[in-house]
Structures are given as structure tokens and as C-alpha cells.
Amino acid sequence: MTVDDKLIHGGVRIDEERAHWVMWGEVDGAVQKRVEAEVADHLRRTAEETLTVDLGGVTFIDSGGLRLLYSAAESKPTPPVLIDAPARVVDLLRISGVDTLFVLKD
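In this report, the structure presented in the accompanying data block is examined. It should be emphasised that the depicted structure is a prediction, and the values quoted were computed from it without experimental measurement. (Residues numbered from 1 in each chain as written. Predicted model: local features only at pLDDT ≥ 70, side-chain atom pairs only at ≥ 80, totals over all residues. Heavy atoms only, no water.)

1. Topic: the pattern of salt bridges
Defined as follows: By salt bridge we mean one thing: a side-chain nitrogen of Lys or Arg within 4 Å of a carboxyl oxygen of Asp or Glu. Buried, partly exposed and exposed residues are distinguished by accessible area as a fraction of the type maximum, computed with a 1.4 Å probe on protein chains only: under 20%, between the cut-offs, and over 50%, respectively.
What the rule picks out here adds up to four salt bridges. As a salt-bridge pair, D15 and R18 come within 2.9 Å of each other at their nearest N and O atoms. We classify R18 as partly exposed; its relative accessible area is 42%. A salt bridge links E74 to R67; its shortest N-O distance comes to 3.7 Å.

Given below as C-alpha cells:
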């Protein structure tokens, strides 16, 4: 990521070596806009790998964050694995009707 994490309220750290993201802080529309191209490129490069997403550091998520997760589910042949998803994230996935597109792990 090119922007210093301390200057922003949330983000997605992308592991360049494998299909893994760490989402942190407030994952909203501003985060989506900032990382969308980088995320799409990573999804293409790791197309056949199962994506894992660590959500343990997420303090807030809205439709922008949901869109990033949904894009991952659309792009992968296997459901992305969501690790340590806070209740607010799980609730948003269920309310949106997309919770079945993911595997939830503690």
C-alpha cells in the first residue's frame, strides 16, 4: 500500500506472496475506492488460489467493504475464507444475503 496506514482510517493489506488480505479499521467506500484496482489485480494473479481474509482488526464495515468481499467471492472458484470476522461483519453478510458465499473461521 502506498498510503501510510497511520494517516488513514482503514484499509486492506494485500499479501503479494499468496492469496491473503488483512482488512483493518473502518472498511468503507473510501477504502474501496482507494484499493479497488490493487485488489482486482491481486484477485487476477491468485485466481486459482483460495483467498483468506483476516477481518479481526475491522472496527466498521459498510457497503464499500462488502463490495470488496463480494468481488473476491465472484472472482474465485472456491469460497473465500473469512478469519475472525467480527459480529458486525457477519451481520452485514447475512442481512445482504451473501453469507453463503464465504467460509467463516475463528
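2. Brief notes about the sheet that holds strand β4 (residues 81-83)
Applied cut-off: Only strands joined by at least two bridges in the DSSP assignment are considered to pair. Secondary structure elements follow DSSP: runs of H or I of four or more residues count as helices, runs of E of two or more count as strands, with numbering from the N terminus. Fitted lines through C-alpha atoms give the axes, limited to the stretch in contact for helices. The angle between two N-to-C directions lies from 0 to 180 degrees. In what follows, residue pairs with any heavy atoms lying within 4.5 Å of each other are defined as contacts.
Taken in spatial order, the five strands line up as β1-β2-β3-β4-β5 in an open sheet, and their pairing is mixed. With partners counted over all chains shown, the strands left at the sheet margins are β1 (10-15) and β5 (103-105), one partner each. Averaged over all neighbouring strand pairs, the angle between strand axes comes to 20 degrees, with direction disregarded. Across six bridges, the pairing between β1 and strand β2 (residues 20-27) is antiparallel. Its bridge partner lying in β2, V12 is registered against M23. Here helix α1 (residues 29-45) sits on the sheet and contacts β1 and β2; the angle it forms with β1, its principal contact strand, is near 15 degrees. With respect to the sheet, helix α2 (residues 63-75) is in contact with β1, β2, β3 (52-61) and β4, its orientation differing from that of β2 by roughly 165 degrees.

3. Points about the nonpolar core
Put simply, the test is: Side-chain atoms within 4.5 Å are what join buried Ala, Val, Leu, Ile, Met, Phe, Trp, Tyr and Cys residues into a set we call a nonpolar core.
By size, the foremost hydrophobic cluster in this structure holds 25 residues, and its most contacted members are V12, W21, M23, V53, L68, L69 and L93. For this core, the elements supplying multiple residues, two or more each, are β1, β2, α1, β3, α2 and α3 (87-96). A total of five residues in this core trace back to one element, the largest contributor, which is α2.

4. Quick notes on α3
Put simply, the test is: Note: the arc covers the axis-to-C-beta directions of the helix.
Buried within α3 we find V89, V90 and L93. Buried residues of α3, viewed axially, fall in a sector of 100 degrees; they line one side. In this structure, α3 carries A87 and I95 as exposed residues pointing more than 90 degrees from its buried face. G97 sits one or two residues past α3 and shows a positive phi near 75 degrees.

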